[in-house]
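So you can see what is in the structure, the chains are spelled out below.
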Amino acid sequence: MSYKAKWYRIRRVLFPRPCMLCRQGACIHSIPVCKDCVEDLRAALKEPCRFCGLPAAECICSHNKDVRFLLWYDLPLARKLIGMLKYDAKRERVEFLADRLAALCNGRYDGVTYIPRRPKEKRLYGYDHAYLLAEAIAKRLDLPLITTLECHSHLEQKFLSASQREKSMRGRYHAIPQAVEAYPRLLLIDDVCTTGATLRACSAILREAGAKAVSAAVLAKVQTNYKP
């Protein structure tokens, strides 16, 4: 064992990292979550779909087949994780979430891309959380990270209805054709799928720009209220 590795272990014993969820308990092993919170996280990952009864990552409902996801966004813990990524994207948080989402992405891809953050938010927080997540996933899949979309809208979607979200997609994003043409099979990354309007619009834009296949993966998805 190298001197650096030994020092890292000693430092972790003397100065344990606080849990990324509660910020109080000490992390266990290499996981940035404490013993108490890891049980809550496991329970959230196992939360069943209200229709097929399977966890989010294994859901077989027809309206969920177009996107891979880890958690149901209806859960408080899922919203907390997304909030941390959006507003305080520490490296350990991004890496932790990327590890788990990348494990679900087992298709054939030429590259990884992402849905860019609104310019106003990017200036306000100083980073694009979808870019950071996609970058970490690309490394794990040994694929290039490509910027294929540009966002030209300043409209906040959080408080819009499903129909309003669909209308707001018009002109909101534009593709970068030369980037798409070089990577025809893309894995599209985002944080949340609420109504699916953004994923559908961006997938269509990428296909119009030359992509042959677009697969989507997000951290969390809202459970629908209709049967598949």
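Residues numbered from 1 in each chain as written. Predicted model: local features only at pLDDT ≥ 70, side-chain atom pairs only at ≥ 80, totals over all residues. Heavy atoms only, no water.

Participant: Report on the overall build of the protein, specifying residues and quantitative values.
Facilitator: Of regular secondary structure, the protein possesses nine helices and eight strands. The proportion of buried residues among the 228 residues of the protein is 45%. Looking at the protein alone, contacts between residues at least 24 apart form 70% of all its contacts between residues at least 6 apart. For the protein, the accessible area works out to roughly 12600 Å², and carbon and sulfur atoms hold 53% of it. (Helix = DSSP H or I, 4+ residues; strand = E, 2+ residues; numbered from the N terminus. Buried < 20%, exposed > 50% of the residue type's maximum accessible area, 1.4 Å probe, protein only. Contact = heavy atoms within 4.5 Å. Areas by Shrake-Rupley, 256 points an atom, 1.4 Å probe, with all protein chains shown as cover.)

Participant: Please give an account of the pattern of salt bridges that cites residues and values.
Facilitator: All told, the structure shown has ten salt bridges when counted by the stated rule. When the shortest N-O distance is used, the salt bridge between arginine 93 and aspartate 88 registers 3.1 Å. Each of the salt bridges in this network shares a partner with another, and the network as a whole consists of Arg91, Glu95, Asp99 and Arg140. (Salt bridge = Lys/Arg side-chain N within 4 Å of Asp/Glu carboxyl O.)

Participant: I'd like a description of helix H9 (residues 197-208), backed by residues and values.
Facilitator: Here H9 spans 16 Å end to end across twelve residues, near enough to the 16 Å set by a 1.5 Å rise per residue. In the stretch just after H9, glycine 210 is the one whose phi turns positive, near 125°. (Expected span 1.5 Å × (residues − 1).)

Participant: Just give me the short version of the packing of aromatic side chains, but keep the residues and values in it.
Facilitator: Counted according to the given criterion, the structure contains three aromatic pairs. Ring centres of tyrosine 87 and tyrosine 125 lie 5.1 Å apart, and the angle between their planes is 50°; on these two criteria the pair is classed as tilted. In this pair, tyrosine 87 sits in helix H3 (residues 76-87) while tyrosine 125 sits in helix H5 (residues 119-125), placing the two residues 38 residues apart along the sequence. Among the residues examined, tyrosine 87 registers a relative accessible area of 37% and is labelled partly exposed. (Phe/Tyr/Trp six-rings, centres within 6.5 Å; stacked < 30°, edge-to-face > 60°.)

Participant: How would you sum up the nonpolar core? Please name residues and give values.
Facilitator: Residues Leu21, Val33, Leu133 and Ile189 are the most contacted members of the largest nonpolar core, which totals 71 residues. In this structure leucine 133 touches Leu85, Val94, Leu97, Ala98, Leu101, Ile189, Asp190 and Leu219, once residues within four positions along its chain are discounted. (Core = buried A, V, L, I, M, F, W, Y, C linked by side-chain atoms within 4.5 Å.)

Participant: Account for the sheet that holds strand E4 (residues 111-114), with residues named and values stated.
Facilitator: Sheet architecture is open: four strands sit in the order E3-E8-E7-E4, paired in parallel fashion. Each edge of the open sheet is held by one strand with a lone partner, namely strand E3 (67-72) and E4. Pairs of neighbouring strands in the sheet enclose a mean axial angle of 20°, with direction left out of account. Note: strand E7 (residues 185-193) against strand E8 (residues 213-221), eight bridges, orientation parallel. Paired with aspartate 190 across the strands is valine 218, a residue of E8. (Pairing = 2+ DSSP bridges. Axes fitted to C-alpha atoms, helices over the stretch in contact; angles between N-to-C directions.)

Participant: Describe the confidence of the model for the protein, and please don't skip the residues or the numbers.
Facilitator: When pLDDT is low, close inspection of the predicted coordinates is not appropriate. Per-chain confidence: the protein averages 86 in pLDDT, with 82% of residues scoring 70 or above. Mean pLDDT per element in the protein: helix H1 (residues 3-14) is the minimum at 52, and E4 is the maximum at 98. (pLDDT = per-residue confidence, 0-100.)

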